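Geometric and topological summary
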There are 2 protein chains.
Amino acid sequence: MTYCVGMMLDRGLVFMSDTRTNAGLDNISTFRKMKIFENPGERVLTLMSAGNLATTQAVISLLEERTKAPDDRDPSLMAAPSMFQAARLVADVLREVIEAHAQTGQQADSAFNATMMLGGQIYGGPPRMFLIYPEGNFIESGEDTPFFQIGEIKYGRPILVRAYRPDMSFEKALRLLLVSFDSTLKANLTVGAPFDYHVYETDSLKTGKTGRIELDDPYFQTVSRDWGTALTDALDRLPTYEF
Amino acid sequence: MTYCVGMMLDRGLVFMSDTRTNAGLDNISTFRKMKIFENPGERVLTLMSAGNLATTQAVISLLEERTKAPDDRDPSLMAAPSMFQAARLVADVLREVIEAHAQTGQQADSAFNATMMLGGQIYGGPPRMFLIYPEGNFIESGEDTPFFQIGEIKYGRPILVRAYRPDMSFEKALRLLLVSFDSTLKANLTVGAPFDYHVYETDSLKTGKTGRIELDDPYFQTVSRDWGTALTDALDRLPTYEF
């Protein structure tokens, strides 16, 4: 499993992904699930993926090759004229890879499926964010659904639903995400630290603040510890039930 | 789907269940999922169920018939000599019902599976609580796992994990459960109010406080509204992230 969140804020986009992959419970590895495609001053795209690792790695490799080899640059993520076209390209590659595996007649315990999230900005357009399904179609975030989650989404969802505000600062968004990731981490063995993040500021058109938060990161430790106390304090402030 | 929680406290057992069942998204009904079997002064058993409604209703009907018809009273829930034997009886009936449906060769979109939770006390023994799987085996709660959830368990789990205390009062336990149910309700259409509860006091050997909390219950409304504020306040008290 995996846990990735993309959030659209008034001031930009925030992405966070975990790094755990597992083939069975006894075969656990760390892989980066966030990939940034950048042409400074012109476009920044962040791609996150959940699902079959072979599928998502193949998709990213194909997308990367196309951005590098000049002869094969069309269609390419770096040449897509709009975020919508970029999402369409990712969706097409994703569907092709899944189909290619399925057509060999191979079977896997878990399907070859994967879900991806693409967010970013291309010069001349606003920041946009898409959730791309294995079927090759996708939906876009908007005012009513300003954040997307992929992977193991349930444990960390209630706090996002309650505390997300479009006008929150990047610092507060990171804090909210870490609380959401902490809840998920505590409940599901297939989601694990470290967590990668990318904070993209609207109209900057360059990679923003990126980083990796380890399990023993002092700030994460503080959040993880204090959040338990804060929750129980919050609960205590509610009136108790009377029979 | 369904959401039921059973909690073992120092002072007794607390049970809560939702009442929504659905066959498809456009066929939603309200059914009681909590059943109390009582012989005052001798035993009180609470049974909650999640899964295929035809299966769980058949199990409860069979268990009830056996407690009523004197000729067929053995084995019966009301005659089981211990909580362990009572759990074994429920598990056997559950497995039989599932097998009977499966053997007809019928297929259903969702399997005929169901999961049940049995908690209570029989004179001479301590209160005990069991989680019963469709395969007919079961596990018992203990100090390390003092509460069980069945059904749509993920959304409401983080707050239970964080705020459960074995020495909490019944009133505080109800409050905690309502917060957990509220988080689930907000996230999943297949979990719905009203919520039934039963609070059993250790060694009372009679049905304790029971009730049904409707969606428009003023206390539930308060909890639902104030919890959002309390959560965001709690989040605000954590230090913000610094890049």
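Residues numbered from 1 in each chain as written. Chains lettered and ligands numbered in written order. Predicted model: local features only at pLDDT ≥ 70, side-chain atom pairs only at ≥ 80, totals over all residues. Heavy atoms only, no water.

- If you look chain A up in an unreviewed UniProt entry, it shows as Peptidase from Roseovarius indicus.

1. With respect to the overall build of chain A
- When its secondary structure is counted, chain A shows five helices and 12 strands.
- For chain A, whose C-alpha radius of gyration is 19 Å, the value lies close to the compact-globule estimate of 18 Å for 243 residues.
- In terms of overall dimensions, chain A has C-alpha extents of about 70 × 45 × 35 Å along its principal axes.
- Counting across all 243 residues of chain A, residues that qualify as buried make up 52%.
- Contacts in chain A between residues far apart in sequence, at least 24 positions, make up 63% of those at least 6 positions apart.
- Total accessible area on chain A is roughly 10,800 Å²; 47% of this is exposed by carbon and sulfur atoms.
- The centroid of the 24 positive side-chain charges in chain A is displaced by 3 Å from the centroid of its 32 negative side-chain charges. (Helix = DSSP H or I, 4+ residues; strand = E, 2+ residues; numbered from the N terminus. Rg over C-alpha atoms; globule rule 2.2 N^0.38 Å. Buried < 20%, exposed > 50% of the residue type's maximum accessible area, 1.4 Å probe, protein only. Contact = heavy atoms within 4.5 Å. Areas by Shrake-Rupley, 256 points an atom, 1.4 Å probe, with all protein chains shown as cover. Lys, Arg positive; Asp, Glu negative; His and termini not counted. Charge placed at Lys NZ, Arg CZ, Asp CG, Glu CD.)

2. Section: the sheet that holds strand β5 (residues 34–39) of chain A
Residues and elements named next belong to chain A.
- With antiparallel pairing, the five strands of this open sheet are ordered in space as β5-β6-β7-β8-β9. On the outer flanks of this sheet lie β5 and β9 (138–140), each paired with one strand and no other. When strand polarity is set aside, the average angle formed by the axes of neighbouring strands in this sheet is 20°.
- Against the sheet, helix α1 (residues 53–68) contacts β5, β6 (43–51) and β7 (114–122), and its axis sits at roughly 160° relative to β6. (Pairing = 2+ DSSP bridges. Axes fitted to C-alpha atoms, helices over the stretch in contact; angles between N-to-C directions.)

3. Quick notes on the sheet that holds strand β8 (residues 128–132) of chain B
Residues and elements named next belong to chain B.
- What the five strands build is an open sheet, ordered β5-β6-β7-β8-β9; its pairing is antiparallel. With partners counted over all chains shown, the strands left at the sheet margins are β5 (34–39) and β9 (138–140), one partner each. Strand after strand, the sheet turns through a mean of 20° between neighbouring axes, direction not considered.

4. Here we look at the relation of the copies chain B and chain A
- Mapping chain B onto chain A leaves a residual RMSD of 0.0 Å; the transformation is a rotation of 180° accompanied by 0.0 Å of translation along its axis. A rotation of that kind, with that shift, is consistent with a two-fold axis. Closest approach to the rotation axis within chain B is made by the C-alpha atom of B:Tyr155, at a distance of 2.4 Å.
- The fraction of interface residues of chain B whose copies in chain A are also interface residues reaches 100%, indicating that both copies meet through the same surface. (Least-squares fit on C-alpha atoms with pLDDT ≥ 70 in both.)

5. A word on the pairing of strand β10 (residues 147–151) of chain A
Residue and element names in this part refer to chain A.
- Most of β10 sits inside the fold, with four of its five residues counted as buried.
- As defined by bridge partners, strand β1 (residues 3–9) adjoins β10 across five bridges and the pair is classed as antiparallel. When the sheet's bridge partners are listed, Cys4 is paired in β10 with Ile150.

6. Overview of the pairing of strand β1 (residues 3–9) of chain B
Residues and elements named next belong to chain B.
- Summarising burial for β1: seven of the seven residues are buried, a large majority.
- Residues Tyr3, Val5, Met7 and Leu9 point to one face of β1 and Cys4, Gly6 and Met8 to the other, with burial holding for every one of them.
- Note: β1 against strand β2 (residues 12–17), six bridges, orientation antiparallel. Bridged to Cys4 within β2 is Ser17.
- The turn linking β1 back onto β2 is made up of two residues.

7. Description of the nonpolar core
- Grouped together as the largest cluster of nonpolar side chains are 74 residues, with contacts concentrated most on A:Met7, A:Trp227, B:Met7 and B:Trp227.
- Core analysis: the second largest hydrophobic core is formed by 26 residues, A:Leu47, A:Ala87, A:Ile132 and A:Phe138 among them. (Core = buried A, V, L, I, M, F, W, Y, C linked by side-chain atoms within 4.5 Å.)

8. Here we look at the environment of B:Thr210
- As for its position among the elements, B:Thr210 is in strand β12 (residues 209–213).
- In this structure, the C-alpha to C-alpha distance between B:Thr210 and B:Val199, residues 11 residues apart in sequence, is 6.4 Å.

9. Some thoughts on the interface of chain B and chain A
- Taken together, the contact between chain B and chain A spans 43 residues of the former and 43 residues of the latter.
- Note on chain B versus chain A: buried area summed over both sides is about 4,200 Å², and carbon and sulfur give 71% of it.
- Looking at the side of chain B facing chain A, the largest losses of area belong to B:Arg162, B:Tyr241 and B:Phe243, adding up to 22% of the total buried there.
- Counting the contacts that link chain B with chain A gives six salt bridges.
- Here B:Arg162 makes a salt bridge to A:Asp182, at a shortest N to O gap of 2.5 Å.
- For the pair chain B and chain A, the number of links is 18 residue pairs in polar contact (both at pLDDT 80 or more).
- Among the elements of the structure, α3 (157–163), α4 (170–187), β11 (195–201), β12 and α5 (218–237) of chain B are those that each provide at least two residues to the side of chain B that touches chain A.
- For the side of chain B that touches chain A, the element with the highest residue contribution is α5(B), accounting for 14 residues.
- Considered class by class, the residues forming the side of chain B that touches chain A number 23 nonpolar, six polar and 14 charged. (Buried area = accessible area lost by both parts, 1.4 Å probe. Salt bridge = Lys/Arg side-chain N within 4 Å of Asp/Glu carboxyl O. Polar contact = N/O pair within 3.5 Å; in protein donor to acceptor, adjacent residues only side chain to side chain. Nonpolar A, V, L, I, M, F, W, Y, C, P; charged D, E, K, R; others polar.)

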